[in-house]
Amino acid sequence: GSLYPGLYRLEHNGLIASEWGESENNRKAKYYSLTKAGRSQLKEEVRDWNRMTETIAGILNTAPEEI
């Protein structure tokens, strides 16, 4: 129930584009692709994610006496 509202929001914000096509079993299907803005946003999100995971890893690897 939350996938399509999320896809709609991404499309509305110009981060993805969609087009109708035909699936491998000859059924109507909607295909999504990242736009240039979407690729840029993805790079930013990945950078933020990596920064956060490095911070958490640093905290978890800290010895109790170092806190």
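Up top is the structure.
No experiment lies behind these values; they were computed from the predicted model shown. (Residues numbered from 1 in each chain as written. Predicted model: local features only at pLDDT ≥ 70, side-chain atom pairs only at ≥ 80, totals over all residues. Heavy atoms only, no water.)

Participant: Is there a simple way to explain the overall build of the chain in this structure?
Facilitator: Scanning the chain from terminus to terminus reveals two helices and two strands. Start at the N end of the chain and walk to the C end: the helices and strands fall as α-β-β-α. Expected size for 67 residues packed as a compact globule is a radius of gyration near 11 Å; at 19 Å, the chain overshoots this value by more than 25%. Along the longest, intermediate and shortest principal axes, the C-alpha atoms of the chain span 60 × 25 × 20 Å. Buried residues in the chain amount to 13% of all 67 residues. Placing the 9 positive and 10 negative side-chain charges of the chain at their respective mean positions leaves the two points 10 Å apart. (Helix = DSSP H or I, 4+ residues; strand = E, 2+ residues; numbered from the N terminus. Rg over C-alpha atoms; globule rule 2.2 N^0.38 Å. Buried < 20%, exposed > 50% of the residue type's maximum accessible area, 1.4 Å probe, protein only. Lys, Arg positive; Asp, Glu negative; His and termini not counted. Charge placed at Lys NZ, Arg CZ, Asp CG, Glu CD.)

Participant: I'm lost on the packing of aromatic side chains in this one. Help?
Facilitator: The description of an aromatic ring pair rests on the distance of the ring centres and on the angle between the ring planes. Applying the stated criterion to the full structure yields zero aromatic pairs. Here the basic side chain of Lys-28 rests over the ring of Trp-20, its NZ or CZ set 4.7 Å away from the ring centre. (Phe/Tyr/Trp six-rings, centres within 6.5 Å; stacked < 30°, edge-to-face > 60°. Lys NZ or Arg CZ within 6 Å of the ring centre and 35° of its normal.)

Participant: Can you help me understand the pairing of strand β1 (residues 16-22) in this one?
Facilitator: Both faces of the sheet carry side chains from a regular strand, because those side chains alternate between them. Judged from the seven bridges that link them, β1 and strand β2 (residues 28-34) form a sheet pairing that is antiparallel. Within β2, the residue paired with Gly-21 across the bridge is Ala-29. (Pairing = 2+ DSSP bridges.)

Participant: Just checking my understanding: could you explain the pattern of salt bridges for this structure?
Facilitator: In a structure, side chains of opposite charge can pair up when their charged atoms sit close to one another. One pass over the structure, following the stated rule, counts one salt bridge. Across the pair Asp-48 and Arg-51 runs a salt bridge whose closest N-O atoms are separated by 3.2 Å. One end of the pair, Asp-48, and the other, Arg-51, are both in helix α2 (residues 36-60), three residues apart, so they sit about a helical turn from each other. Using a relative accessible area of 32% as the deciding quantity, one classes Asp-48 as partly exposed. (Salt bridge = Lys/Arg side-chain N within 4 Å of Asp/Glu carboxyl O.)

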